[in-house]
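Residue-level listing of the chains:
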Amino acid sequence: MTASDGLEYTPGELDRDATFYVAGHRGLVGSAIVRKLKASGFENVVGKTSAELDLKDRYAVFAYMAEVKPRYIVLAAAKVGGILANSTYPVDFLSDNMRIQTNVLDAALANDVERVAFLGSSCIYPKFAEQPIREDSLLTGHLEPTNDAYAIAKIAGILHTQAVRRQYGLPWISAMPTNLYGPNDNFSPKGSHVLPALIRRYDEAAACGAPSVTNWGTGTPRREFLHSDDMADAVMHLMEHYDGPEQVNVGTGTDVTIREIAETIADVVGYTGETEWDASKPDGTPQKLLDVSKLAEAGWTAKISLAEGLERTVAWYREHVGALRE
Ligand SMILES: NC(=O)C1=CN([C@@H]2O[C@H](COP(=O)(O)OP(=O)(O)OC[C@H]3O[C@@H](n4cnc5c(N)ncnc54)[C@H](OP(=O)(O)O)[C@@H]3O)[C@@H](O)[C@H]2O)C=CC1
Ligand SMILES: C[C@H]1O[C@H](OP(=O)(O)OP(=O)(O)OC[C@H]2O[C@@H](n3cnc4c(=O)[nH]c(N)nc43)[C@H](O)[C@@H]2O)[C@@H](O)[C@@H](O)C1=O
């Protein structure tokens with residue numbers, strides 16, 4: 001099948017011998033996808049670091065794609081960050097992500113890549129979307145201002161895969177994950193998402209016996225957390241079992257308050273001091289709980305509980321990130 005012949009396509013098992021390009025293979029999601037692919041028998045998984053191949057460089061992306069000729073792609077490369085990074089650097093989150101995804105998707109089309117999974121984020125939905133958030137609430141209201149630039153880039157990515165489906169008949173899909181965590185996450189104090197930020201803050205406080213820690217915002221917003229290995233499993237499942245234009249939400253179907261996740265993380269790392277809240281920092285969206293019934297209909301539900309995922313992530317953090325500071 002070629003990009004130009006517009007043939008109907010039935011998804012099914014991916015060819016384990018085909019070349020599979022994971023864009024962003026060292027990141028939180030990309031590294032989980034690579035683990036999943038290797039465990040599933042894929043022999044020819046390729047990827048490049050941003051130092052080796054800057055996906056913002058259109059000519060370099062086209063040259064790489066023509067050289068590697070992948071049959072499948074997961075687009076897990078993006079400029080990613082938590083609420084502070086998103087609200088401080090909106091130009092970077094808009095411009096970098098628009099360029100990365102446009103270059104990869106255009107080069108994939110030019111090289112007849114058969115199946116592509118584009119990854120967006122639950123922040124594409126309106127700030128006050130009805131909860132749990134259904135896929136059809138996209139573009140029905142205003143975005144959360146702390147991440148509107150990033151969200152607009154991600155919405156353009158969804159439209160891009162839909163346009164390729166319409167114009168060329170290729171079975172490309174989009175998946176919208178909730179807040180993710182796991183090995184290879186970004187644990188930097190200012191750039192990270194809340195879960196890795198709190199693991200680091202509470203673990204450091206426990207290690208030095210600090211009497212209190214201060215978290216951002218009021219602690220009242222609700223978030224849904226999915227382990228990256230579940231995310232990888234879901235994306236592979238969708239690539240083999242889902243073929244439709246609408247983006248598919250990927251989550252657990254359960255959320256917690258930031259205060260609750262903070263208390264749980266304090267318990268897991270063994271911190272017994274006080275927790276204070278700095279309400280001058282933004283809360284962001286009050287609630288982001290995905291409706292995951294479409295994913296369930298496609299035959300997938302989350303397997304890793306928050307308790308198990310946290311234990312595993314704290315252990316990984318202590319071995320890989322915490323150890324670097326000793
Ligand atoms: N983390 C989360 O909570 C969520 C993530 N997502 C989405 O999932 C996807 C993956 O995110 P996540 O794994 O968390 O992000 P990470 O920051 O962990 O990884 C991002 C990856 O993108 C690569 N990358 C970034 N910029 C470039 C560039 N200019 N050229 C080449 N590669 C680049 C990085 O490569 P290198 O390491 O070599 O620099 C890195 O491997 C993204 O689309 C994100 O929007 C969606 C919802 C929640
Ligand atoms: C996945 C999603 O992630 C981002 O949206 P977010 O869910 O609001 O991001 P967050 O994980 O950074 O924060 C969640 C909540 O937690 C609170 N909070 C407390 N203390 C810390 C703290 O120390 N660090 C951080 N980052 N947040 C903290 C924080 O104030 C907020 O109320 C998007 O920008 C965008 O990237 C996106 O798509």
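For clarity, every value in this text was computed on a predicted model and none was experimentally measured.

A.B. asks: It is not clear to me how the sheet that holds strand β10 (residues 248-250) should be interpreted in this structure. Could you clarify?
C.D. replies: Neighbouring strands of a sheet are bound in pairs by backbone hydrogen bonds; such pairs are parallel or else antiparallel. If you trace the six strands from one edge of the open sheet to the other, you get β2-β1-β3-β4-β5-β10, paired in parallel fashion. With partners counted over all chains shown, the strands left at the sheet margins are β2 (44-46) and β10, one partner each. For this sheet, the mean angle separating the axes of adjacent strands, direction not counted, is 20 degrees. Sheet topology places strand β5 (residues 173-177) next to β10; three bridges connect them, and they run parallel. Among the inter-strand pairings, Ala175 is bridged to a residue of β10, identified as Val248.

A.B. asks: Help me out: how do you make sense of the nonpolar core in this one?
C.D. replies: For soluble globular proteins, the rule of thumb is that nonpolar side chains tend to be buried together. Core analysis: the biggest nonpolar cluster contains 39 residues, and Tyr21, Leu55, Met65, Leu75 and Trp172 have the highest contact counts within it. Looking at this core, the elements that each hand over two or more residues are β1 (19-23), α2 (58-68), β3 (72-75), α4 (90-110), β4 (115-119) and α5 (148-168). For this core, the element with the highest residue contribution is α4, accounting for seven residues. For Leu75, the contacting residues outside a window of four places in its chain are Ala23, Ile100, Gln101, Val104, Leu105, Ala117, Phe118 and Leu119. Within the second largest apolar cluster, 34 residues are counted, among which are Val45, Leu226, Tyr242 and Val248.

A.B. asks: Please clarify how the site of ligand 2 should be interpreted in this entry.
C.D. replies: Residues in contact with ligand 2 amount to 22 residues; listed here are only the nearest, Gly81, Ser121, Arg223, Pro282 and Asp283. Here Asn147 contributes a side-chain N or O atom positioned 3.4 Å from an oxygen atom of ligand 2. A distance of 2.7 Å is found between an oxygen atom of ligand 2 and a backbone nitrogen or oxygen belonging to Pro282. In the complex, 98% of the free accessible area of ligand 2, which totals 700 Å², lies under the protein chains. Mapped onto the shell around ligand 2, the elements with two or more residues apiece are α3 (83-88), α6 (194-208) and β7 (212-216). Here the shell around ligand 2 takes three residues from α6, the largest share from any one element. Classifying every residue of the shell around ligand 2 gives nine nonpolar, nine polar and four charged.

A.B. asks: Would you explain the packing of α6 against helix α8 (residues 258-269) in this entry?
C.D. replies: Each pair of packed helices can be described by the angle between their axes along with the distance between the axes. With their axes 9 Å apart at the nearest point, α6 and α8 run at an angle of 40 degrees to one another. By the angle class used here, α6 and α8 are oblique. Between α6 and α8 lies a crossing of right-handed hand. Residues Val194, Leu195, Leu198, Ile199, Tyr202, Asp203 and Ala206 of α6 lie in contact with α8, whose contacting residues are Ile258, Ile261, Ala262, Ile265, Ala266 and Val269.

A.B. asks: Just checking my understanding: could you explain the packing of aromatic side chains for this structure?
C.D. replies: What characterises a pair of aromatic rings is the spacing of the ring centres plus the angle enclosed by the ring planes. Applying the stated criterion across every chain yields a total of seven aromatic pairs. Seen in terms of ring centroids, Tyr21 and Tyr64 are 5.2 Å apart; in terms of plane orientation they differ by 70 degrees. Their pairing is edge-to-face. Of this pair, Tyr21 sits in strand β1 while Tyr64 sits in helix α2; the two residues are 43 residues apart in sequence, bridging distant segments of the chain. Judged by its relative accessible area of 2%, Tyr21 is buried. Among the aromatic residues, those joined into a cluster by ring pairs are Phe20, Phe42 and Tyr72.

A.B. asks: So what exactly am I meant to see when it comes to the environment of Phe225 here?
C.D. replies: Inspection of the secondary structure assignment puts Phe225 in strand β9 (residues 225-227). Taking relative accessible area as the criterion, Phe225 reaches 8% and is therefore assigned buried. Sequence separation of Phe225 and Glu311 is 86 residues, and the distance between their C-alpha atoms is 14 Å. Phe225 has contacts with Asn179, Tyr181, Val194, Leu195, Thr252, Val256, Ile258, Ile261 and Leu306, leaving out every residue within four places of it along the chain.

Rules and cut-offs
Residues numbered from 1 in each chain as written. Chains lettered and ligands numbered in written order. Predicted model: local features only at pLDDT ≥ 70, side-chain atom pairs only at ≥ 80, totals over all residues. Heavy atoms only, no water. Pairing = 2+ DSSP bridges. Helix = DSSP H or I, 4+ residues; strand = E, 2+ residues; numbered from the N terminus. Axes fitted to C-alpha atoms, helices over the stretch in contact; angles between N-to-C directions. Core = buried A, V, L, I, M, F, W, Y, C linked by side-chain atoms within 4.5 Å. Buried < 20%, exposed > 50% of the residue type's maximum accessible area, 1.4 Å probe, protein only. Contact = heavy atoms within 4.5 Å. Near = heavy atom within 4 Å. Polar contact = N/O pair within 3.5 Å; in protein donor to acceptor, adjacent residues only side chain to side chain. Areas by Shrake-Rupley, 256 points an atom, 1.4 Å probe, with all protein chains shown as cover. Nonpolar A, V, L, I, M, F, W, Y, C, P; charged D, E, K, R; others polar. Parallel < 35°, antiparallel > 145°, perpendicular 65-115°, else oblique. Left-handed = near helix turned anticlockwise from the far one by under 90°. Phe/Tyr/Trp six-rings, centres within 6.5 Å; stacked < 30°, edge-to-face > 60°.

No statement about biological role is implied by the geometric values presented.
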